[in-house]
Amino acid sequence: MALLEVRGVTVRFGGVTALDGVEAEVAGAGVTGLIGPNGAGKTTLFNVICGLQAPTSGRVLLDGDDLDGVAPHQRARLGIARTFQRLEVFGSMTVRDNIRVAAEVHRRHHRDGPPVESTTDSIVERVGLGSVARERVDSLPTGHARLVEVGRALAGQPRILLLDEPSSGLSEEETDAFATLLDDLIVDGLGILLVEHDVELVMRVCSHIHVLDFGRVIAAGDPGSIQKDELVRSAYLGAP
Ligand SMILES: Nc1ncnc2c1ncn2[C@@H]1O[C@H](COP(=O)(O)OP(=O)(O)OP(=O)(O)O)[C@@H](O)[C@H]1O
Ligand SMILES: [Mg+2]
């Protein structure tokens, strides 16, 4: 059974069909890609998975359990974490405090876990922000603020992490380090669903990719088959 399953999800906003019978899954530990042109429905699918958007029809299952009616904060407690395309961090707080707040919330519901301070420090280091840990987030470049968001998501000790364009704003070198971070996280058993326009990064880190276009999955498979897929090339990747 897959860790996360999306079954026949349709979302309509008035006359706009943002998602149309979407089937997708995250098998387990590993990085699964979700790519497609602007407006294809990627963020809307994230919103459905984490409970911020009720689907018009269809279901989302975690470990085979239907999440219908489960509120976003309860889904977070079940192990679904995400980052936002339009950054949502506490700008007036430091990098470390942003992550610590999430570690504290997690600790409240998991009293047997490691202490908040050590969890926070190890996550700050893990996402590569040790040198700016005491800086206010609004004083940092966007790319770093995105890493703060990833760190905050990790502080909830998720089983599945939804990343919405995490590498936008990162330099080439930082993107490389980010790919290494993703590789490390999946070794620890995390399932990651990655929305990303950096095709090189997607092809490097993903073992499986779903391609959305106008709310429909037009292809799914390993990076090699996706790169060769004619439909995907004309809809998104562009002709050679
Ligand atoms: N709350 C909303 N109300 C009405 N229409 C919406 C809403 N949210 C999204 N849409 C529409 O649904 C479609 C899918 O949008 P979505 O943001 O999910 O695309 P996306 O794949 O994340 O695009 P991008 O790569 O630009 O982030 C678009 O046509 C968008 O305008
Ligand atoms: Mg989006």
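From a predicted model like this one, the values you see are computed outputs, not experimental measurements.

A count of helical and extended segments in the chain gives nine helices and 10 strands. Counting the 240 residues in the chain, one finds 41% classified as buried. Considering only intrachain contacts with a sequence separation of at least 6, the fraction spanning at least 24 residues in the chain is 66%.

Looking now at the site of ligand 1. Taken together, Phe-13, Val-16, Ala-18, Gly-36, Asn-38, Gly-39, Ala-40, Gly-41, Lys-42, Thr-43, Thr-44 and Gln-85 are the residues near ligand 1. Looking at the shell around ligand 1, the elements with two or more residues in it are β2 (16-26) and α1 (42-49). Broken down by element, the residue count for the shell around ligand 1 peaks at three residues, all from α1. Residues that form the shell around ligand 1 fall into these classes: four nonpolar, seven polar and one charged.

Right, let's talk about the sheet that holds strand β4 (residues 57-62) for a bit. Backbone hydrogen bonds hold the strands of a sheet together, and the pairing may be parallel or antiparallel. Judged by pairing direction, the sheet is antiparallel, and its four strands sit side by side in the order β2-β1-β4-β5 without closing on themselves. This sheet does not close on itself; its edge strands, each paired only once, are β2 and β5 (65-66). In this structure, strand β1 (residues 4-13) lies alongside β2, joined through seven bridges in antiparallel fashion. Paired with Glu-5 across the strands is Glu-25, a residue of β2. Along the sheet face, α1 touches β1, β2 and β4 and points at about 115 degrees away from the line of β1.

Next up on the list: the domain arrangement of the chain. If you check the domain split of the chain, you get domain 1 (1-79 + 158-240) and domain 2 (90-157). Between domain 1 and domain 2, the C-alpha centre-to-centre distance is 24 Å. Taken together, the contact pairs 12 residues of domain 1 with 12 residues of domain 2. Breaking the side of domain 1 that touches domain 2 down by element, the ones donating at least two residues are α2 (72-78), β7 (160-164) and α6 (172-187). No other element matches the three residues that α6 contributes to the side of domain 1 that touches domain 2. Each residue belonging to the side of domain 1 that touches domain 2 can be placed in one class, and the counts come to eight nonpolar, two polar and two charged.

This part covers the environment of Leu-181. Take Leu-181: it is sitting in helix α6. Apart from the residues lying within four places of it in its own chain, the contact partners of Leu-181 are Arg-126 and Val-127.

Turning our attention to α1. Extensive coverage of α1 is indicated by the burial of eight of its eight residues. Of the positions making up α1, those classed as buried are Lys-42, Thr-43, Thr-44, Leu-45, Phe-46, Asn-47, Val-48 and Ile-49. Of the residues flanking the end of α1, it is Gly-51, one or two places downstream, whose phi is positive at about 90 degrees.

Packing of helix α3 (residues 95-109) against helix α4 (residues 116-126) brings their axes to within 9 Å, and their N-to-C directions diverge by 130 degrees. On the basis of the axis angle, α3 is oblique to α4. Pair α3 / α4 crosses with right-handed handedness. Along the contact surface, α3 presents Val-95, Arg-96, Ile-99, Arg-100, Ala-103, Glu-104 and Arg-107, while α4 presents Val-116, Thr-119, Thr-120, Ile-123 and Val-124. In terms of residue class, the contact of α3 with α4 is built from six nonpolar, two polar and four charged.

Now for the sheet that holds strand β10 (residues 216-221). Ordered in space as β6-β7-β8-β3-β9-β10, the six strands form an open sheet in which the pairing is mixed. Each end of this open sheet is capped by a strand with a single partner; those strands are β6 (80-82) and β10. Averaged over all neighbouring strand pairs, the angle between strand axes comes to 20 degrees, with direction disregarded. Across five bridges, strand β9 (residues 208-213) lies against β10 in antiparallel orientation. Bridging across to β10, Val-211 finds its partner in Ala-219. Its contacts with the sheet place α1 against β3 (30-35), β6, β7, β8 (191-195) and β9, and it is angled at close to 150 degrees to β7.

Cut-offs applied
- Residues numbered from 1 in each chain as written.
- Chains lettered and ligands numbered in written order.
- Predicted model: local features only at pLDDT ≥ 70, side-chain atom pairs only at ≥ 80, totals over all residues.
- Helix = DSSP H or I, 4+ residues; strand = E, 2+ residues; numbered from the N terminus.
- Buried ≥ 20, exposed ≤ 12 C-beta atoms within 10 Å, placed from the backbone.
- Contact = placed C-beta atoms within 7 Å.
- Near = placed C-beta within 6 Å.
- Nonpolar A, V, L, I, M, F, W, Y, C, P; charged D, E, K, R; others polar.
- Pairing = 2+ DSSP bridges.
- Axes fitted to C-alpha atoms, helices over the stretch in contact; angles between N-to-C directions.
- Domains from an automatic or database assignment.
- Parallel < 35°, antiparallel > 145°, perpendicular 65-115°, else oblique.
- Left-handed = near helix turned anticlockwise from the far one by under 90°.

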